[in-house]
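# Observations on the three-dimensional arrangement
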Amino acid sequence: MNRAYIIKVTGLVQGVGFRPFVSRLASQWQLPGWVKNASDAVYICIQGPDTRLRKFIKTLITKAPVHAHVDSLEISIIPTRNDREAFSIEKSEEVATGITEISPDLAVCDECLKDIQNQAFRYHYPLVNCTHCGPRFSIIEKLPYDRINTSMHEFAMCEDCYDEYYDENNRRFHAQPVACNTCGPQLFLHTENGSIYDNESILDTLARIIDDGRVAALKGTGGYALVCDAWNRNAVDHLRKLKKRWSKPFALMVSDFEEAKKYFHISPEEASLLASSARPIALLRTKSVIPENLNAGLHTAGVMLPSMPLHYLLFEKLQSKVLVYTSGNISNEPIITDDGIACDAFIQKTQAVAGFNRRIINRCDDSVIQNTGNWTVMMRRSKGYAPAPVSCQIELEGILATGAYLNAAFCIGKKNHAIMSQYIGDLDNADTCLFYNEALERFKNLYRFTPEMVACDLHPAYHTSLLAASLGIPLIKVQHHHAHMAAVMAEYQTDGPVLGIVLDGTGLGTDQVLWGSEFLLAEHDQYQRLAHFEAFPLPGGEKAIENPERAALGLLWHYFGTKTDALPIPFLKKIPDSEKKILYNMLAKGINCPNTCGMGRYFDAAAALMGICSTHNFQAEAPMRLESMVRDEVKEAYDFGTGNIISLRPALEQMISDIEKSVCLSVIASKFHNTIIAACLYQIRTQIKQYGIKKVALTGGCFQNARLLQGIGKALLKDACKVYVPSKVPINDGGIALGQLYIAAKKRALCV
Ligand code: ZN
Ligand code: ZN
Ligand code: FE
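One structure accompanies this document, and this report is about it. Just so you know, these numbers come straight off a predicted model, no measurement behind them.

Taken in spatial order, the 11 strands line up as S7-S6-S14-S8-S9-S13-S10-S12-S11-S15-S16 in an open sheet, and their pairing is mixed. Edge strands, defined here as strands with exactly one partner in the open sheet, are strand S7 (194–196) and strand S16 (376–380). Between one strand axis and the next, the sheet turns by 30° as a mean value, whatever way the strands run. Alignment of strand S10 (residues 252–254) against strand S13 (residues 322–327), held across 3 bridges, turns out to be antiparallel. Following the sheet pairing, Val-254 is matched in S13 by Val-322.

The next subject is the coordination of the zinc ion (ligand 1). Only Cys-109 (SG), Cys-112 (SG), Cys-130 (SG) and Cys-133 (SG) from the protein reach the zinc ion (ligand 1) as donors, at distances of 2.3 Å. Positions of the donor residues of the zinc ion (ligand 1) along the chain correspond to the pattern C-x2-C-x17-C-x2-C. What makes Cys-130 buried here is its relative accessible area of 0%. Judged by relative accessible area, which is 0%, Cys-133 ranks as buried.

Here we come to the packing of helix H15 (residues 548–560) against helix H18 (residues 599–609). Contact geometry for H15 and H18: axes closest at 7 Å, N-to-C directions at 95°. Between H15 and H18, the angle is such that the two are roughly perpendicular. Of the residues in H18, those in contact with Pro-548, Glu-549, Ala-551, Ala-552, Leu-555 and Leu-556 of H15 are Arg-601, Tyr-602, Asp-604, Ala-605, Ala-608 and Leu-609. Taken together, the residues of the contact of H15 with H18 sort by class into 9 nonpolar, no polar and 3 charged.

A few words on the pairing of strand S6 (residues 187–191). Taken across its 5 residues, S6 has 5 buried, putting it largely inside the fold. The two faces of S6 match: Leu-187, Leu-189 and Thr-191 on one face and Phe-188 and His-190 on the other face are all buried. Relative to strand S14 (residues 352–356), S6 is paired through 4 bridges, and the arrangement is antiparallel. Residue pairing in the sheet places His-190 in a bridge with Val-353 of S14. Between S6 and S7, which pair antiparallel one after the other, the connecting turn spans 2 residues.

Conventions adopted
- Residues numbered from 1 in each chain as written.
- Chains lettered and ligands numbered in written order.
- Predicted model: local features only at pLDDT ≥ 70, side-chain atom pairs only at ≥ 80, totals over all residues.
- Heavy atoms only, no water.
- Pairing = 2+ DSSP bridges.
- Helix = DSSP H or I, 4+ residues; strand = E, 2+ residues; numbered from the N terminus.
- Axes fitted to C-alpha atoms, helices over the stretch in contact; angles between N-to-C directions.
- Donors = N, O, S within 2.8 Å, 3.2 Å for Na, K, Ca; no water.
- Buried < 20%, exposed > 50% of the residue type's maximum accessible area, 1.4 Å probe, protein only.
- Parallel < 35°, antiparallel > 145°, perpendicular 65-115°, else oblique.
- Contact = heavy atoms within 4.5 Å.
- Nonpolar A, V, L, I, M, F, W, Y, C, P; charged D, E, K, R; others polar.

Set out below in structure tokens:
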């Protein structure tokens, strides 16, 4: 029997070759009708014998293109018509408030890499793409995803591209950013001596500049990068100077796997992450020491593989196989996306600015992930991941969550989808705050989103809290660590009750103490703080976070008071007397010494006591250095208190004695890690017993420390616990907006 249907398909179905796939399927089974993109879904009209239609619908889900996923199919029966003969792709449609998912940017596929060698009109074309690969989020201005709504609308297709675009058997059938040497965006290279616009000479010149040990600015999918030969000491030093980034580790781009394996340990999980279409920077363990000006002497380095055809073409010409590939910005400012601004900023300071005239609409940094063995942890979520939504089983529409302060990102609710913005950065400078505001406006337009309710951090002075308060809509303030935990609950779709260990830098508590070592019991929108490490005074408060020696002094003062200065630790002798006098005075009188129990501050204090790091040159330097020193064979730990306010006094005394005895620092660092792991396990096991709950969430910035995560997480798995670790959104404050959004939605649902 003949039937006709209208099928509404939602999910990630635009920008991933879904319509061409539908069209091919329909033609294959000779089913007439049409398919079209609308801003809220893909619609299919299809007619034919019942049995074939059923197969067609089943195949829609089971054989969808690799990067697509179907969330829902709504099928309505319509009258059959005799005039439906062929199958076609129709013009797109606008639907008032509905939206479809927007695909993240996708790294170049293998077929396209072959095309730039074999297709005459695409020979060495550096921006080739198809329905399986290429820019997406970075070029989209509005929905539906059609060329006209992207920065590709400025380029009219040539006949060759046009033929492919309309050939349903072609991989580029309806590939919106389709382009070639004739019609697509073109490369440019500006130097102080002039400009070049010819691809081959650009690649040759650029390769020569880099191989000669000079620095170049190079436009990527989501913004400019600064690149140089990683093994050239002078080049790297020059790059540090011009970026004003004195010691923070640089990300590296390595030509291919074989080359990467020479310097880094790569597990099968890491290999598949590196090669995935998101092409993130993966934090890998180094095989032997690499130059200190690359990774600050740590045991890991951030490594990525080429992602754009442009990168592959450049490596073909380069002698250098390993490049520093760092975001094109100065210090902490947002990565530059505009060609003019890039020229102004870099032409004097580098030897070349190379790019292409395809505009970047949505700025995206490279994403950063780390696989710790059992878990893959997101550290920076941007290119290749944003703006993929997290699906929740609760209505989220109209809720905005503004996030926190460091690694900021916001989150908006569309139906049951939580859509996280790309990584924005630390909101400690005007340009990054501006980027935050711009990105929010962009998301509001792109997703036709009007905030009706807003959630933010408890901290009153964050840019994100001020912005939330200025909106004049119902406002929900969410405690920082509760938000961390709720983000995990949202990702795993559990209402609890769940126990959680949140080890973090700093977040304002409900008692004005700077929390950050929290043992929580969370359920729906509620939480109880069951335990935490003991709080100690931090002279100078949040501003002192850059000075681990202040955390150390505060911790010592907390336990030893006026006897602190007599302790036999060399670190105390290094602080000038005049400075110490002021700090002791502040501590004695409690002037500007808020209490903190942040685990990050404990790590800072330990590193400073050991003389490893007294001032942070980059965020979390002290904890990272401490982690780098840990040795597997050291199994001992220091003693700790077993109360629900965990005291590290015994540990501190034993550590000081180890320092006095000049015990090897790597042994002390290992024992310190083991102590924190043991204390956390003791505490959480007590709670597991008491509450009979075997679900445990591990989150917060300190869990970027692979030792802590593996140490605590693996032991809990052995205890037959279910361990939740965030993987879709960052484990640090970059993921906090999801938790805020989820709590606001839960509270709203309870009010209705
Ligand atoms: Zn491709
Ligand atoms: Zn063309
Ligand atoms: Fe945090």
